[in-house]
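# Structural overview for review
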Amino acid sequence: MIRGGATDLIYRGRFAPSPTGPLHMGSLVTALGSYLDARSHGGEWRLRIDDIDPPRQNKASFESIPFCLESHGLTWDGSIILQSQRREAHERALSKLRNAGYLFACGCTRATLGELGACISDCRDRIDIEGSVRYRVPNDVPDLFDDLFLKKPRVSSLPKNFIVKRRDGLIAYQLATAIDDLDEGYTHVIRGGDLLESSLRQMIIHQALGRLSPKYGHLPIVTDQSGNKLSKQTGAPAVDLDTPNANLRLALGILRQPNPPKYMDCVEDILRHATINWRRDVLAF
Ligand SMILES: [Zn+2]
C-alpha cells in the first residue's frame, strides 16, 4: 500500500483549476471542499492555476476563476501560483526520472496505442524515436491507497505507461502536478473523485523520486441530471455569481455537510459555520 507521508500537524492545501473556462458547480464543490478541509484544520489554502496546456486555455478564466472564488468568500493565502512558471523544475524532474530508467520515448499514434492509451509496441527498445515521453509504470504497483475520506479507494486499472511530456513538447498534467504538489509543500490534496487514478499516477512518480506524497482526499463527483460528470468540456454552465449564498448551500449539500441556519445571509457567515461543522466521515462515496 502506498501511504501519504505528510503529518496532520501542519496543513497546507490547494485548489488547482485549469484555466479552460469559468468555474462550474463541480469545480466550486472541489474548491469549497479543499478550502473547508484546510481551514477546519487551521491550515493554509493556496490557489494554483494549472496553465500548462495553452491550446485548451481560455484567457478570461485567469481572471474569472479568482473572481468567482472571491465572490464566494473563498480567499486564498499568498499570491496566485502559475504552473507555467515551473517549467525548469518539471524538466529537472524529467531528467531525474530519465536517469533512473523510468522514461522512454514513444512514437506511437493514437491508432496504435493499446489498452488505456498505453504504448504496447517496441518503442522502449528503440533509441531513434521522436515523439512523446512516457513513464513506465512498475509491475508491482498496488491499486489501493489511504484516502482521507474513502474507506478503500480502488483504482480499477492503471496503464502500463503514460505520457509525461507530450509530442508537442508540453509537459503533461500528471508530471507537472506531481512535482508542483511536492515542491510547493502541500501536505493535503483534496480533489474530485474523478482524479483517483491521477492521484495514484502522481504517487508513483513521487515514489520514484524518493519523496513522500501528500495525503489525498477525494470528494464526491458532481453529475448532471443524466448522471454525466459536470465538466467544462461537456458545457457545464458557469456558476451564477449573483447567487453566492445559494451556490455555497448547494455545494455544502453535495458535500453532505450540514446546511447553515437560514438567517445566515452572507458568504462569510456561511463559510464560518461550514468550517466549524466540517465533517470528513460523511464524504465516502
Ligand atoms: Zn510507443
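Please refer to the structure higher up on the page.
Residues numbered from 1 in each chain as written. Predicted model: local features only at pLDDT ≥ 70, side-chain atom pairs only at ≥ 80, totals over all residues. Heavy atoms only, no water.

Among soluble globular proteins, nonpolar side chains are generally buried collectively. Phe 15, Leu 32, Leu 36, Trp 45, Leu 69, Leu 74 and Leu 255 are the most contacted members of the largest nonpolar core, which has 36 residues in total. Where this core is concerned, the elements lending two or more residues are helix H1 (25-40), strand S2 (44-49), helix H2 (61-71), helix H6 (244-254) and helix H7 (267-276). For this core, the element with the highest residue contribution is H1, accounting for eight residues. In this structure, Leu 255 is in contact with Val 29, Leu 32, Gly 33, Leu 219, Pro 220, Trp 278, Val 282 and Leu 283, ignoring residues within four places of it in sequence. (Core = buried A, V, L, I, M, F, W, Y, C linked by side-chain atoms within 4.5 Å. Buried < 20%, exposed > 50% of the residue type's maximum accessible area, 1.4 Å probe, protein only. Helix = DSSP H or I, 4+ residues; strand = E, 2+ residues; numbered from the N terminus. Contact = heavy atoms within 4.5 Å.)

Turning next to the packing of H6 against H7. Taken N-terminus to C-terminus, the directions of H6 and H7 make an angle of 15°; their axes are 9 Å apart at the nearest point. Viewed along their axes, H6 and H7 adopt a mutual orientation that is roughly parallel. The hand of the H6/H7 crossing is right-handed. Note on element contacts: H7 touches H6 through Val 267, Ile 270, Leu 271 and Ala 274, opposite Pro 244, Asn 245, Leu 248, Arg 249 and Leu 252. Tallied by class, the residues present in the contact of H6 with H7 amount to seven nonpolar, one polar and one charged. (Axes fitted to C-alpha atoms, helices over the stretch in contact; angles between N-to-C directions. Parallel < 35°, antiparallel > 145°, perpendicular 65-115°, else oblique. Left-handed = near helix turned anticlockwise from the far one by under 90°. Nonpolar A, V, L, I, M, F, W, Y, C, P; charged D, E, K, R; others polar.)

With that out of the way, let us pick up the coordination of the zinc ion. Taken together, the protein donors to the zinc ion comprise Cys 106 (SG), Cys 108 (SG), Cys 119 (SG) and Cys 123 (SG), at separations of 2.3 to 2.4 Å. The coordination sphere of the zinc ion comprises four donor atoms, whose angles at the metal cover 104 to 117°; the geometry is tetrahedral. One chain supplies every donor to the zinc ion, and in sequence these donors are spaced C-x1-C-x10-C-x3-C. Of this pair, Cys 108 sits in the loop between strand S4 (103-106) and strand S5 (132-136) while Cys 119 sits in the loop between S4 and S5; the two residues are eleven residues apart in sequence, bridging distant segments of the chain. Overall, Cys 108 belongs to the buried group, its relative accessible area being 11%. Cys 119 gets classed as buried once you look at its relative accessible area, which sits at 5%. (Donors = N, O, S within 2.8 Å, 3.2 Å for Na, K, Ca; no water. Tetrahedral: all angles 85-135°; square planar, octahedral: opposite > 155°, others 65-115°.)

With that out of the way, let us pick up the sheet that holds strand S1 (residues 12-15). Strands sit in the order S1-S2-S3 across an open sheet of three strands; the sheet is parallel. Every other strand in the sheet has two partners, leaving S1 and strand S3 (81-82) as the edge strands with one partner each. The sheet strands contacting H1 are S1 and S2, and the helix crosses S2 at an angle near 150°. (Pairing = 2+ DSSP bridges.)

Here we take up the environment of Gly 217. Considering the arrangement of structural elements, one finds Gly 217 in strand S8 (residues 215-219). Taking the C-alpha atoms as reference points, Gly 217 and Leu 69, 148 residues apart in sequence, are found 21 Å from one another. Once residues lying within four places of it in the same chain are set aside, the contact partners of Gly 217 are Asp 147, Leu 148, Phe 149, Val 189, Ile 190 and Arg 191.

Right, let's talk about the environment of Gln 57 for a bit. Counting through the fold element by element, Gln 57 comes out in the loop between S2 and H2. For Gln 57, a relative accessible area of 22% translates into the label partly exposed. Taking the C-alpha atoms as reference points, Gln 57 and Ser 18, separated by 39 residues in sequence, lie 7.7 Å from one another.

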